[in-house]
Amino acid sequence: MTDEFDIAIAGAGIAGLTAAITASRLGRKTLLLTGHVPGGLLLSINRIDGYPGFPEGVPGYDLCPMAQDQAVAAGTELVSGEVTAIEQRDDYFLLSAGGNPYQARTLIIATGAGLKALGVPGEERFQGKGVSHCASCDAPMLRHRTVVVIGGGDSAAQEALTLAESAADVIILHRGASLKAQFAYQQALRAHAAVSVRYHTVVEEILGDAAVTGVRFRDLTTGTSGVLDAAAVFAYIGLKPNTGLVKDLVQLDETGSIPVDAMLRTERRGLFAAGIVRTGAAGRAAGSAGDGALAAQSADAYLNTRAWRDT
Ligand code: NDP
């Protein structure tokens, strides 16, 4: 017979992990379906800034395993393996993960997001050969080299700063006239001698032979093209919510995120969404943790009262 849970959580980034800690501490029989690697996007981040209690930042690869241990100690059952199917039958969600069936009365979707691809020639070909999405993994191998970071948001800024600890030159190429990264990052970028920013610039191709040798860029103000030599290219141009699992269960918004109400309830009874996967997410690790806690509390309240939103 399939084990029955009060609250199942799909995704073990900081939102899912916090939901699991909270649900278990509320005494709910809790299942955390982690995907292949628990930790989500944060796992590869060298230094999560702005997370309460860590004034010097905290590595994602430290924070996420700590939260995972905390969830397990609180009583969460952890199952690794991708969730491949979700079906709602009567009062239950039937889930398939890692080839096994599970059953839960409520479900919190905390599947996070992936990085958007740039979509230019060379990006796929040089994946793992200089095209990378993990600055903290590759920075030590780029000592004294020139690297290109694409994007103007917090991710580009944060990862450029990680790379600047090793690389000789970190060149940020941004299509806009100004960065939208938070003030603290912009200050840090300005203060770092190894970092420079080139505005109004788009990458049209990633160049190389056996590995990346540079990029072909276009200056949007002059319309001229040029080549920039670089040993590695990191594109941080935004996030794509991982909502494939629920696209047939709820109507997604125009960005592909899951609409929720103030209690993180979706339009479907018993189904909640937390973290970067939901419409209006704060885009901060602390915000995702807050979402996880709120979603678990809301699921607990629903199990107590059976009250659901009107629409
Ligand atoms: P964002 O969506 O915030 O920024 C994406 C950047 O990439 C923008 O500057 C955008 O340009 C640019 N861009 C988008 N598409 C293209 C393209 N096709 N070609 C070139 N440039 C492009 O994504 P981030 O990954 O930076 O951040 C995601 C979320 O995570 C945000 O909410 C952010 O605040 C959060 N975050 C928070 C951190 C923290 O608090 N410490 C650290 C990292 C991320 P344009 O501005 O012109 O649209």
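Residues numbered from 1 in each chain as written. Predicted model: local features only at pLDDT ≥ 70, side-chain atom pairs only at ≥ 80, totals over all residues. Heavy atoms only, no water.

(A) Structural detail: the overall build of the chain. Within the chain one finds six helices and 17 strands. Taking the principal axes of its C-alpha atoms as reference, the chain extends roughly 60 × 35 × 35 Å. Evaluated residue by residue, the chain yields a buried proportion of 50% over its 311 residues. Within the chain, counting contacts between residues at least 6 apart in sequence, those at least 24 apart form 60% of the total. In the structure as shown, the chain presents an accessible area of about 14300 Å², 50% of it carried by carbon and sulfur atoms. A distance of 3 Å separates the average location of the 26 positive side-chain charges in the chain from that of its 32 negative side-chain charges. (Helix = DSSP H or I, 4+ residues; strand = E, 2+ residues; numbered from the N terminus. Buried < 20%, exposed > 50% of the residue type's maximum accessible area, 1.4 Å probe, protein only. Contact = heavy atoms within 4.5 Å. Areas by Shrake-Rupley, 256 points an atom, 1.4 Å probe, with all protein chains shown as cover. Lys, Arg positive; Asp, Glu negative; His and termini not counted. Charge placed at Lys NZ, Arg CZ, Asp CG, Glu CD.)

(B) Local environment of the side chain of D300. Along the chain, the position of D300 falls in helix α6 (residues 285–305). When residues no more than four places from it in sequence are discounted, the contact partners of D300 are I7, L26 and R28.

(C) The site of the ligand, seen in detail. Residues in contact with the ligand amount to 18 residues; listed here are only the nearest, D154, S155, Y185, G283 and R284. Between an oxygen atom of the ligand and a side-chain N or O atom of R175, the distance comes to 3.0 Å. Between the ligand and Q182, the relevant distance is 3.1 Å, taken from an oxygen atom to a side-chain nitrogen or oxygen of the residue. Alone, the ligand offers 920 Å² of accessible surface; in the complex the protein occludes 74% of this. (Near = heavy atom within 4 Å. Polar contact = N/O pair within 3.5 Å; in protein donor to acceptor, adjacent residues only side chain to side chain.)

(D) The arrangement of the state of the cysteines in detail. In total, this model carries one disulfide according to the counting rule given. The disulfide partner of C134 is C137, and the gap between their sulfur atoms is 1.9 Å. Torsion about the S-S bond of the C134 and C137 cystine: about 70°, corresponding to right-handed handedness. Of the residues examined, C134 reaches a relative accessible area of 13% and is grouped as buried. Under the relative-accessibility criterion, C137 is labelled partly exposed at 44%. Cysteine C64 shares no disulfide, and the gap to the nearest cysteine sulfur, in C134, comes to 13 Å. Assessed through its relative accessible area of 2%, C64 is described here as buried. (Disulfide = S-S within 2.5 Å.)

(E) Spotlight on helix α4 (residues 154–164). Taken across its eleven residues, α4 has nine buried, putting it largely inside the fold. Looking at α4, one finds that the buried residues are A156, A157, Q158, E159, A160, L161, T162, L163 and A164. Tucked inside the fold, the buried residues of α4 contact α3 (135–138), β9 (146–150), β10 (169–173), α5 (183–191), β11 (195–198) and β15 (232–235).

(F) Molecular detail of the pairing of β10. Among the five residues in β10, four count as buried, and that is most of the element. Across five bridges, the pairing between β9 and β10 is parallel. By the bridge assignment for β10, V147 is matched with V170. Following the backbone out of β9, through α4 and into the adjacent parallel β10, one traces a crossover that is right-handed. (Pairing = 2+ DSSP bridges. Right-handed = clockwise from strand over helix to strand, strands pointing away.)

Keep in mind these values describe shape, not function.
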